[in-house]
Amino acid sequence: MNTTWLIAVASVLGSVLVTLVTGFMARPRQVTDINVALSGDARAWAQVFADRADAAERKADDAETRAAAAEARINRLERHILVLEREVRRLGGNIPPLPNGTA
Amino acid sequence: MVRRNPFQVFLLTASLVAAGPLILGRPGPEVLTATLPRVAVTGWGVALLTGSTLALFGVLVSHRSWYGLVLERSGLLGVGGAALIYFGVLLTAGHDLTAIRYTASIHAGYAAACLWRAGQVTVTMRAHRSAKAGR
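Worth saying up front: this structure is predicted, and the values here are computed from it rather than measured. (Residues numbered from 1 in each chain as written. Chains lettered and ligands numbered in written order. Predicted model: local features only at pLDDT ≥ 70, side-chain atom pairs only at ≥ 80, totals over all residues. Heavy atoms only, no water.)

**Brief notes about the overall build of chain B**
A tally of regular secondary structure across chain B gives 5 helices and 0 strands. When its helices and strands are written in sequence order, chain B yields α-α-α-α-α. When each of the 135 residues of chain B is scored for burial, the buried share is 41%. Look at the contacts in chain B between residues 6 or more apart in sequence, and 69% of them connect residues 24 or more apart. On chain B, roughly 7200 Å² of surface is accessible, and the fraction owed to carbon and sulfur atoms is 66%. (Helix = DSSP H or I, 4+ residues; strand = E, 2+ residues; numbered from the N terminus. Buried < 20%, exposed > 50% of the residue type's maximum accessible area, 1.4 Å probe, protein only. Contact = heavy atoms within 4.5 Å. Areas by Shrake-Rupley, 256 points an atom, 1.4 Å probe, with all protein chains shown as cover.)

**What about the overall build of chain A?**
A count of helices and strands for chain A gives 3 helices and 0 strands. Ordered by position from the N terminus, the helices and strands of chain A form the series α-α-α. Residues classed as buried in chain A amount to 9% of the 103 residues present. Of the roughly 8600 Å² of accessible surface on chain A, a fraction of 62% belongs to carbon and sulfur atoms.

**A short note on the nonpolar core**
Counting residues in hydrophobic clusters, the biggest one holds 30 residues, and the most contacted among them are B:Leu12, B:Leu36, B:Trp44, B:Ile85 and B:Val89. Secondary structure elements with two or more residues in this core: helix H1 (2–25) of chain A together with helix H1 (6–23), helix H2 (30–35), helix H3 (38–60), helix H4 (66–92) and helix H5 (97–133) of chain B. Ranked by residue count, the leading element in this core is H4(B), at 8 residues. When near neighbours in sequence (up to four residues on either side) are disregarded, B:Trp44 contacts A:Val9, B:Leu22, B:Pro29, B:Leu32, B:Ala82, B:Ile85 and B:Tyr86. Of all hydrophobic cores here, the second largest spans 7 residues; its members include A:Leu20, B:Val70, B:Leu71 and B:Met125. (Core = buried A, V, L, I, M, F, W, Y, C linked by side-chain atoms within 4.5 Å.)

**A closer look at a nonpolar patch on the surface**
Among the surface-exposed residues, A:Leu17, A:Val21 and A:Met25 lie close enough to one another that they form a single nonpolar patch of about 340 Å² accessible area. Looking at the element boundaries, A:Met25 is found in helix H1. (Patch = residues over 30% accessible without salt bridge, like charges linked within 9 Å, V, L, I, M, F, W, Y side chains within 5 Å. Salt bridge = Lys/Arg side-chain N within 4 Å of Asp/Glu carboxyl O.)

**A word on H1(B)**
Residues and elements named next belong to chain B. In this model, H1 (18 residues) spans 26 Å end to end at C-alpha, consistent with the 26 Å of a helix rising 1.5 Å per residue. Between a side-chain oxygen at the N-terminus of H1 and the backbone nitrogen of Phe7 the separation is 3.0 Å; the capping residue is Asn5. Gly25, located one to two residues past H1, shows a positive phi value of around 90°. (Expected span 1.5 Å × (residues − 1). Polar contact = N/O pair within 3.5 Å; in protein donor to acceptor, adjacent residues only side chain to side chain.)

**Things to note about the pattern of salt bridges**
Pairs can form between side chains of opposite charge once their charged atoms are near each other. Using the criterion set out here, one finds 2 salt bridges over all chains in the structure. For A:Arg90, the salt bridge is made with A:Glu87, and the minimal N-O distance between the two is 2.7 Å. With A:Arg90 and A:Glu87 both in helix H3 (residues 39–90), this residue pair falls 3 residues apart, about one helical turn. You can call A:Glu87 partly exposed: its relative accessible area is 35%. One salt bridge in this structure joins B:Arg117 and B:Glu72, with 2.9 Å as the shortest N-O distance. Of this pair, B:Arg117 sits in helix H5 while B:Glu72 is found in helix H4, placing the two residues 45 residues apart along the sequence. Residue B:Glu72 is classed as buried on the basis of its relative accessible area, which comes to 2%.

**Side note on the packing of aromatic side chains**
For any two aromatic rings, the description comes down to two numbers: the centre-to-centre distance and the angle of the planes. Residue and element names in this part refer to chain B. Going through the model one piece at a time under the given rule, you end up with 3 aromatic pairs over all chains. Aromatic pair Trp44 and Tyr86: ring centres 5.7 Å apart, planes at 40°, arrangement tilted. One end of the pair, Trp44, is in helix H3; the other, Tyr86, is in helix H4, and 42 residues separate them in sequence. As far as burial versus exposure is concerned, Trp44 and Tyr86 are alike and both buried. (Phe/Tyr/Trp six-rings, centres within 6.5 Å; stacked < 30°, edge-to-face > 60°.)

**Here's the deal with the interface of chain B and chain A**
Tallying the contact residues gives 28 residues for chain B and 20 residues for chain A. Overall, the association of chain B and chain A removes approximately 2100 Å² of surface from exposure, summing both partners, and the carbon and sulfur fraction of that is 77%. For the interface between chain B and chain A, the tally reads 0 salt bridges. Between chain B and chain A we count 4 residue pairs in polar contact (both at pLDDT 80 or more) in total. Elements supplying a minimum of two residues to the side of chain B that touches chain A: H3, H4 and H5 of chain B. Per element, the largest residue contribution to the side of chain B that touches chain A is 14 residues, and it comes from H4(B). (Buried area = accessible area lost by both parts, 1.4 Å probe.)

Next up, the structure:
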């Protein structure tokens, strides 16, 4: 009977130890660990997208510069047209209305 | 918000307090010292002390982390096992059943509650692993 109780107590202590060790060993991998495992292809694709994003940003900057230059030219032309209109009126002429759909 | 079960904390603290004197060499429960060999009584005290300490540490300090769950489950197995042994000793010690039924049922219930909670923690750990693995 004494041996039975000794085995029972030892089993309890053993189960505590075993579950403790197996629990610590079975720790799930973190999400960052999984990312590292996938880093080969994932990093290559990330670089491709980053390069494309840089190129798109440069194109957008160029387009913005060109648009600003075009706007400045339009403003200059409008001022020039006003000057020409005043000159035409001063000489007694008149300005015909613009054809439909051009304004 | 972290919610700990106050009943669990209270019962584990009570187990810790009960196990202390045994480890310090003081006489344990009479029914245990009369039935079990000295080394088994000490082992029972160690199971109760380490179990309640681990489970309390898991619940209070590392609550909801993987290591907290591991500590809680291991500790509850120790405490539940110790309560089960106490229940078994009471039943086999040859006492009058009417005299021990209250103490025996308390220990049987405590053991069942500990093992039940250990099972719940195991299910939580499985869910934790599945979520981490992205399955």
